[in-house]
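Given next are the chains, with one letter for each unit.
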Amino acid sequence: MIKRDSKGYWIWAQFDNSSMKLLNKAYIKTNSKLNGPNFNIHLTISGPIKIEKDIVIRKFLGLKAKLHSFDIKIDNYLFSKLFYESLYISVFSNKQLDNLKENIDKEFNIFKNNYNPHISLFYGKKSDSDKKKIIAELPSLPKTIKLSTLCLVYVDENKNKWDIEHKFHLNN
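Residues numbered from 1 in each chain as written. Predicted model: local features only at pLDDT ≥ 70, side-chain atom pairs only at ≥ 80, totals over all residues. Heavy atoms only, no water.

A. Spatial organisation of the pairing of strand 5 (residues 118-122). Taking burial as the measure, the 5 residues of strand 5 include 5 buried ones, the bulk of the element. Here strand 4 (residues 87-91) pairs with strand 5 via 4 bridges, running antiparallel. Bridge assignment links Ser90 to a residue of strand 5, and that residue is His118. (Buried < 20%, exposed > 50% of the residue type's maximum accessible area, 1.4 Å probe, protein only. Helix = DSSP H or I, 4+ residues; strand = E, 2+ residues; numbered from the N terminus. Pairing = 2+ DSSP bridges.)

B. Broad picture of helix 2 (residues 53-62). Turning to helix 2, its buried residues are Val56, Ile57 and Phe60. Down the axis of helix 2, the smallest arc covering the buried residues is 95 degrees, so these residues share one side. Residues of helix 2 that are exposed and angled more than 90 degrees away from the buried face: Asp54 and Arg58. The secondary structure elements touched by the buried residues of helix 2 are strand 1 (7-15), strand 2 (43-49), strand 6 (144-156) and strand 7 (161-169). (Arc of directions from axis to C-beta. Contact = heavy atoms within 4.5 Å.)

C. Molecular detail of helix 1 (residues 17-34). Across its 18 residues, helix 1 extends 25 Å between first and last C-alpha, which sits within 8% of the 26 Å expected from 1.5 Å per residue. The inward-facing, buried residues of helix 1 contact strand 1, strand 3 (70-79), strand 4, strand 5, helix 4 (128-137) and strand 6. Looking at the residues trailing helix 1, positive phi occurs at Asn35, about 55 degrees. (Expected span 1.5 Å × (residues − 1).)

D. How the structure looks around the packing of aromatic side chains. Counted by the stated rule, this structure contains 8 aromatic pairs. Geometrically, the ring pair formed by Tyr9 and Tyr154 is edge-to-face, given 5.3 Å between the ring centres and 65 degrees between the ring planes. Note that Tyr9 is positioned in strand 1 and Tyr154 in strand 6, a separation of 145 residues in sequence. According to the relative accessible area criterion, Tyr9 is buried, its value standing at 8%. On the basis of an interplanar angle of 15 degrees and a centroid distance of 3.9 Å, the ring pair of Phe39 and Tyr123 is categorised as stacked. Of this pair, Phe39 sits in the loop between helix 1 and strand 2 while Tyr123 sits in the loop between strand 5 and helix 4; the two residues are 84 residues apart in sequence, bridging distant segments of the chain. With relative accessibility at 7%, the residue Phe39 sits in the buried group. Overall, the relative accessible area of 5% leaves Tyr123 in the buried class. Site record: aromatic cluster; members linked through ring pairs are Tyr27, Phe39, Phe83, Tyr84, Tyr123 and Trp162. (Phe/Tyr/Trp six-rings, centres within 6.5 Å; stacked < 30°, edge-to-face > 60°.)

Structure (structure tokens):
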């Protein structure tokens, strides 16, 4: 099994205001019942980035001029045994999302080929029956949401710390 990097910078995407409200409603309900660590709703795009902080920031901010917002299609609430994919909303991959990830990975010299786009609602270990019970109580999901913001996040999983250090809105 490959050891997971527990510290570093990650690139997250966030969504337009109406999508964030709906997603946060599902997150709050899920996390309050399952008692997981607190984090901001997001779609992980890339990471960990293991280069000097000032270089990471410069490269991250340099992405703004090149990137545009777009819609992503979401599927359903799902769960797994993985700690960071314990309960989540699955996201369909599309050409725009694939291109976004590819451009960011190339910018930061990250080479991974297994990408499972998803929006986590809970990090942790709970029984499948507990997760199924929560899913039954969650709001219906729209077919699409707009990916509109990129965030540079410093992560220290050992301390349950996910700090958004920089963010920018994507061009329309």
